[in-house]
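# Overview (structure and organization)
One letter stands for each residue in the lines below.
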Amino acid sequence: EYASLLCENLEEESRAGFVSGHLDWVEDLRNDIYKYSENHFYRAVADVTVSFLKGERTNLLIQRR
């Protein structure tokens, strides 16, 4: 929900800064989920989240050019 507010109200540069500076822990979380849980649902959610954020970073970098 917070990310949608950012998308609606901030320029791409500010969004890129937020994604890079505040969501850099998500891959570590995914690694911990794989390390401590065998639950396929949570692993899948973690994978989708990491993939989404990688795509968002790429899109924001392309838009900044």
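Let me sum up the structure you'll find in this document. (Residues numbered from 1 in each chain as written. Predicted model: local features only at pLDDT ≥ 70, side-chain atom pairs only at ≥ 80, totals over all residues. Heavy atoms only, no water.)

## Things to note about the environment of R57
So the rule is basically this: Numbering goes from the N terminus for both helices and strands, where a helix is a DSSP run of H or I of at least four residues and a strand is a run of E of at least two. Only protein chains enter the accessibility calculation, which uses a 1.4 Å probe. A residue is then buried if its area is under 20% of the maximum for its type, exposed if over 50%, and partly exposed in between. Any two residues whose heavy atoms approach within 4.5 Å at even a single point are treated as in contact.
The residue R57 is located in helix α4 (residues 40–64) in this model. R57 sits in the partly exposed class, given a relative accessible area of 23%. Between the C-alpha atom of R57 and that of V19, which follows or precedes it by 38 residues, the distance is 6.9 Å. The contact partners of R57, leaving out residues within four places of it in the chain, are V19, S20, L23, D24 and E27.

## Quick notes on the nonpolar core
One recurring pattern in soluble globular proteins is that nonpolar side chains are buried together. Let me state the cut-off plainly: Nonpolar cores are built from buried Ala, Val, Leu, Ile, Met, Phe, Trp, Tyr and Cys residues. Side-chain atoms within 4.5 Å join them into one set.
Judged by nonpolar contacts, L6, A16, F18, V19, L23, V26, V50, L53 and L60 together constitute the single largest core of 9 residues. Those elements giving two or more residues to this core turn out to be α2 (12–22) and α4. Once residues within four sequence positions are removed from consideration, L6 is found in contact with R15 and F18.

## What about the side chain of R30?
What counts is decided by this rule: Charge assignment in this entry is limited to Lys and Arg as positive and Asp and Glu as negative, and neither His nor the chain termini are counted. Salt-bridge detection follows one rule: a side-chain nitrogen of Lys or Arg within 4 Å of a carboxyl oxygen of Asp or Glu.
For R30, the position within the fold is in helix α3 (residues 26–36). In this structure R30 is buried but unpaired, with D47 as the nearest side chain of opposite charge at 4.0 Å. R30 has contacts with A46, D47 and V50, leaving out every residue within four places of it along the chain.

## Thoughts on a nonpolar patch on the surface
Filter applied, for reference: Here the term patch refers to residues with relative accessible area over 30% and no salt bridge, with like charges joined within 9 Å and nonpolar side chains (Val, Leu, Ile, Met, Phe, Trp, Tyr) within 5 Å. For accessible areas, the Shrake-Rupley method is used with a probe of radius 1.4 Å. Any residue's cover is judged against the shown protein chains and nothing else.
A surface patch of nonpolar side chains, amounting to about 330 Å² of accessible area, comprises F41, Y42 and V45. Examined against the element boundaries, V45 turns out to sit in helix α4.

## Side note on the packing of aromatic side chains
Formally: Ring pairs are drawn from Phe, Tyr and Trp, using the six-membered ring of Trp, whenever the two centres fall within 6.5 Å, and their geometry is named by plane angle: stacked under 30 degrees, edge-to-face over 60, tilted for the rest.
Inspection of the entire model under this criterion finds 1 aromatic pair. Consider the rings of F41 and Y42, whose centres lie 5.3 Å apart with planes at 75°: the pair is edge-to-face. With a relative accessible area of 48%, Y42 lands in the partly exposed category.

As far as function goes, none of this settles anything; it's purely spatial.
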